[in-house]
Amino acid sequence: MTLQIEGLNVSIMGNRVLHDVSLRVSPGELVCLVGRNGAGKTTTFRSVMGFESIGCGEISWRGQVLNQLATHRIAAAGLGYTPEGSDVFGDLTVADNIALPTWTRNSNKSAKERIEAAYAIFPKLRSYAHRGGQQLSGGERKMVSIARALALDPELLLLDEAFEGLSPAILPTISNGLRSILDQGRSVLLAESNFYHLPRFADRLYVIERGAIIFEGTREQAEADPATMRVIKGVE
């Protein structure tokens, strides 16, 4: 269940956005892709999920090359994705938002089991099950978005800016949820612009700047590297 990205180059409207990006996520890992807004985190995620055309390089999942696959086939292969913004369907209830992926991917687990696994990450959502998506706070939408992706029963979950825009009060809930996702045997690739929001239990992190990976290592190694920390903090 390893995600491997090798030498990924992506251009958008003629402009090179990613430059030879390489990273990996092994089974059971929480790996963080850290960078300022516009550094290339979202483009990397969108490339993995088939939303962007790849100029060169290779993305593989469990040995299968994903480069030319349609997004729905990538999701069916076991990759879940929560985009930045955590959009939910406002006209659907929380329960319907979470149940939706069970209709779109076959799994050896029943729909009920998959929904229960999603609620197990954020039990508070049970009390909001009949609330409409338009009635949710930012933190509640974030939880619904992650739970909905989990109902797909993915082996790997890509979370784009899981902590962005949330009040300090909700940050521990999201962090604890990430720990619980790992405890379910899944892997997580997390994109984050705020270094100080990264969970302490992350296995490794990559720092991306101007579309290129400039650091790979642990959080402690990054903190001990002044040049890397200047980039993370946006100090030229």
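Details of the structure are given in the entry above.
1. A few points about the overall build of the chain
Of regular secondary structure, the chain possesses eight helices and 10 strands. Relative to the compact-globule value of 18 Å for 236 residues, the chain shows a C-alpha radius of gyration of 17 Å, a close match. Along the first, second and third principal axes, the C-alpha set of the chain runs to 50 × 40 × 35 Å. Looking at the chain as a whole, 51% of its 236 residues qualify as buried. Long-range contacts, defined here as pairs at least 24 residues apart, represent 68% of the contacts in the chain between residues at least 6 apart. Accessible surface, the chain as shown: approximately 10700 Å² in total, 49% of it carbon and sulfur. For the chain, the centre of its 25 positive side-chain charges and the centre of its 26 negative side-chain charges are spaced 3 Å apart.

2. Here we look at the pattern of salt bridges
Tallied over the full model, the rule gives 14 salt bridges. With its nearest N and O atoms 3.7 Å apart, the salt bridge here joins Glu155 to Arg62. On the criterion of sequence distance, the pair formed by Glu155 in the loop between helix H5 (138-150) and strand E7 (156-160) and Arg62 in the loop between strand E4 (56-61) and strand E5 (64-65) is long-range, its members being 93 residues apart. Residues participating in the shared-partner salt-bridge network are Glu29, Arg204 and Glu216.

3. Structural notes on the packing of aromatic side chains
Per the stated rule, a full pass over the model turns up three aromatic pairs. Ring geometry for Phe45 versus Tyr81: centroids 6.4 Å apart, planes at 65°, classification edge-to-face. Here the residue Phe45 occupies a position in helix H1 (residues 41-48), and Tyr81 occupies one in strand E6 (residues 79-82), the gap between them amounting to 36 residues. For the pair Phe45 and Tyr81, a shared accessibility class is recorded, and that class is buried. Between the aromatic rings of Phe51 and Tyr81, the centroid separation amounts to 6.2 Å while the plane-to-plane angle is 40°, which identifies the pairing as tilted. Note that Phe51 is positioned in the loop between H1 and E4 and Tyr81 in strand E6, a separation of 30 residues in sequence. Residue Phe51 is classed as partly exposed on the basis of its relative accessible area of 40%. Grouped by ring-pair contacts, the aromatic residues Phe45, Phe51 and Tyr81 constitute a single cluster. Directly above the ring of Phe201 sits Arg179, whose terminal nitrogen or CZ lies 4.1 Å from the centroid. In this arrangement the basic side chain of Arg219 is found over the ring face of Phe195, its NZ or CZ atom lying 4.8 Å from the centre.

Basis of the calculations
- Residues numbered from 1 in each chain as written.
- Predicted model: local features only at pLDDT ≥ 70, side-chain atom pairs only at ≥ 80, totals over all residues.
- Heavy atoms only, no water.
- Helix = DSSP H or I, 4+ residues; strand = E, 2+ residues; numbered from the N terminus.
- Rg over C-alpha atoms; globule rule 2.2 N^0.38 Å.
- Buried < 20%, exposed > 50% of the residue type's maximum accessible area, 1.4 Å probe, protein only.
- Contact = heavy atoms within 4.5 Å.
- Areas by Shrake-Rupley, 256 points an atom, 1.4 Å probe, with all protein chains shown as cover.
- Lys, Arg positive; Asp, Glu negative; His and termini not counted.
- Charge placed at Lys NZ, Arg CZ, Asp CG, Glu CD.
- Salt bridge = Lys/Arg side-chain N within 4 Å of Asp/Glu carboxyl O.
- Phe/Tyr/Trp six-rings, centres within 6.5 Å; stacked < 30°, edge-to-face > 60°.
- Lys NZ or Arg CZ within 6 Å of the ring centre and 35° of its normal.

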